[in-house]
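Analysis of the macromolecular model
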Amino acid sequence: MDVSGGSGQPRSGNDETAEHHAGPADPATGSAHPGTTAPRTPGEPPADRPRTPGATPAGGSAEDAPPRDRDTDDGTPPPAGASGGPSQEPRPGDDTPPGPPPAPGSDRPGPSTPDPTPGPHGDRTRAEAATGPGRPPQRPPEPGGGLLMGRPFGVPVYVAPSWFLVAALITWVFGGQLDRVLPELGAARYLVSLFFAVAFYASVLVHELAHTVAALRFKLPVRRIQLQFFGGVSEIEKEAETPGREFVLAFVGPLLSLVLAGAFYLALLPVEPGTVPGVLLAGLMISNLIVAAFNLLPGLPLDGGRMLRAVVWKITGKPMSGTIAAAWVGRALAVSVLIGLPLLTQSGALGSAAEDSIGMDTVMDALLAAILAAIIWTGAGNSLRMARLREHLPELRARTLTRRAVPVPADTPLSEALRRANASGARALVVVDHEGTPVSLVREAAIVGVPEHRRPWVPVSGLAQDLTDGMRVSAELSGEELLDALRATPATEYLVVEETGEIYGVLSAADVERAFVKAMARPS
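Residues numbered from 1 in each chain as written. Predicted model: local features only at pLDDT ≥ 70, side-chain atom pairs only at ≥ 80, totals over all residues. Heavy atoms only, no water.

1. With respect to helix 12 (residues 509-521)
Helical geometry note: an α-helix holds 3.6 residues per turn, so side chains three or four residues apart project in the same direction. Put simply, the rule reads: Each helix is a run of H or I in the DSSP string that is no shorter than four residues. Each strand is a run of E no shorter than two, and both are numbered from the N terminus. What a helix should span is 1.5 Å times the count of its residues minus one. Only protein chains enter the area calculation, which uses a 1.4 Å probe; residues under 20% of their type maximum are buried, those over 50% are exposed, and those in between are partly exposed. Polar contact criterion, stated in full: a pair of N or O atoms within 3.5 Å, where within protein one must be able to donate a hydrogen and the other to accept it, and residues adjacent in sequence count only if both atoms are side-chain atoms.
For helix 12, built from 13 residues, the straight-helix expectation of 18 Å at 1.5 Å per residue is met to within 8% by its first-to-last C-alpha distance of 19 Å. Every buried residue of helix 12 is listed here: A510, D511, V512, R514, A515, F516, A519 and M520. With a side-chain oxygen positioned 3.3 Å from the backbone nitrogen of A510, the residue opening helix 12 is S508.

Right under this line is the structure:
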């Protein structure tokens, strides 16, 4: 669901040639075009393929790129984002935040590091075999969400701060009802009411655990369970693969609520009416019936809406069609709740006499209806947006978003590294050791912060961020797998490697973000 839960441009440095670009771009735009044809890397288009329309460098656009009117000290224009400015500060409008500085004591090549010898793939080198390109990323730290209550089935359960508000509200309302049924309790009725509130939300937790167990049974990861103001939420991170599984996943929650209602009814039979246990069991039976009936209403984000989505998905073969149908039914349901609930209360259809439903009770009913309607309407809209997100996620592919990179030794002056990058049409720099193994990535934001007159005296190692296992991603990643890998190790740049271990290029988080926004802007 998170997504977390959950843009950029195609690689602009790997699909243009010297014939198409007579000179390099302005340093302020961060775009570097080759002066000579670079060796074509595995998976890249042919060298004579024109640049992808609309491809712009990070932090700039094709429209606002001024003509080139200045060079670096050695006569070579810098690549991505390489314009002068205050030390270690990106220029205004730069989308890429500076990454963390290199870890103290990190192993960096000494000043005598020789230039790596180009292999069969030109200036590409082999990544460390110990990590490998397809190594799965570590799971990101679990998000909060309130007070952690436990981890049943390995899934964290949180109680949101809003739960304490609704618990106090239930205690007050149920305490007023107990005063009419059991007046002899006195002030102790509020302790009984508080016990009822806790027991009711324990029933809601059982409802959510049913969803969780079904999701885990279908090998769908569950991020967390959260108990909040209006019930609970099981945050399942991926969709069910078939409409049948989607139906089962949605139905088990209301089914467990009905089972609990039946269990409380059976427990109520031998209990004497008009006692504290009798009132509590009756209240829990009715509340679980209400939870089951409410969740079976056929509109998203309710369980009944997911069941309707599964049915339409099965009939049409398109999950998006099911989402659209269930979401619009959910919105119609929200309007019905907003109008119908106060009318039902006023008519006495919900058990109270019409003449008693006046004054503050009417206002409370209208407020409750408005809150419920807002939650349903918002949830239906969010379901539509999440469906669109999942529909467009496959368009995010690491291979198409990766920038071409040039490997350089650690002691290479920045101006010389930028000259090599421009000559090969690269837009990123990878620091390698004497064996050609990548050890760090030069941060684009750090290049921006170095004035042009200082670049011949600044080694690239001082502007680089050490590579960690999570900063190596496979060129074959796409969609949710790509976003999961980036979320696991937040950084501004990532080293993209082939299955063989060769460097494919550097992926900028800003490029992924722009590509994501661009994909979401297109209609489904």
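And the narrative resumes.
2. A closer look at a nonpolar patch on the surface
The criterion, for reference: Exposure above 30% relative accessible area and the absence of a salt bridge qualify a residue for a patch, where like charges join within 9 Å and nonpolar side chains (Val, Leu, Ile, Met, Phe, Trp, Tyr) within 5 Å. Residue-level accessible areas treat just the shown protein chains as cover; the underlying method is Shrake-Rupley with a 1.4 Å probe. We define a salt bridge as a contact between a side-chain nitrogen of Lys or Arg and a carboxyl oxygen of Asp or Glu at a distance within 4 Å.
On the surface, F247, F251, L255, L258, V259, L289, L296, V311 and I315 cluster together into a nonpolar patch covering about 730 Å² of accessible area. Elements with a contribution of two residues or more to the nonpolar patch: helix 3 (243-268) and helix 5 (303-316). Ranked by the residues each element gives to the nonpolar patch, the list is headed by helix 3, at five residues. Looking at where F247 falls in the secondary structure, it is placed in helix 3. With relative accessibility at 32%, the residue F247 sits in the partly exposed group.

3. A closer look at the packing of helix 1 (residues 161-181) against helix 2 (residues 189-217)
This is how the line gets drawn: Orientation is described by axes fitted as lines to C-alpha atoms, over the contacting stretch for helices, and by angles from 0 to 180 degrees between their N-to-C directions. Angular relationships are summarised with four words: roughly parallel below 35 degrees, roughly antiparallel beyond 145, roughly perpendicular across 65 to 115, and oblique for the angles in between. By convention, the crossing between two helices is left-handed when the near helix turns anticlockwise from the far helix through less than a right angle, and right-handed when the turn is clockwise. Working rule for contacts: check all heavy atoms of both residues, and any pair within 4.5 Å makes them a contact. Only Asp, Glu, Lys and Arg are considered charged, only Ala, Val, Leu, Ile, Met, Phe, Trp, Tyr, Cys and Pro nonpolar, and every remaining residue, Gly among them, polar.
Taken N-terminus to C-terminus, the directions of helix 1 and helix 2 make an angle of 130 degrees; their axes are 8 Å apart at the nearest point. Relative to helix 2, the element helix 1 lies oblique. Both helix 1 and helix 2 take part in a crossing whose hand is right-handed. From helix 1, W163, V166, A167, I170, T171, W172, F174, G175, L178 and D179 reach across to helix 2, where they touch R189, Y190, V192, S193, L194, F196, A197, V198, F200 and Y201. Its residues placed into classes, the contact of helix 1 with helix 2 shows 15 nonpolar, three polar and two charged.

4. Some remarks on helix 5
With 14 residues, helix 5 extends 20 Å from end C-alpha to end C-alpha; this agrees with the ideal 20 Å at 1.5 Å per step. The set of residues buried in helix 5 consists of D303, G304, G305, R306, M307, R309, A310, V312 and W313. Summarising the contacts, the buried residues of helix 5 are in contact with helix 2, helix 3, helix 4 (276-295) and helix 6 (319-347). Of the residues trailing helix 5, G317 is marked for its positive phi of about 80 degrees.

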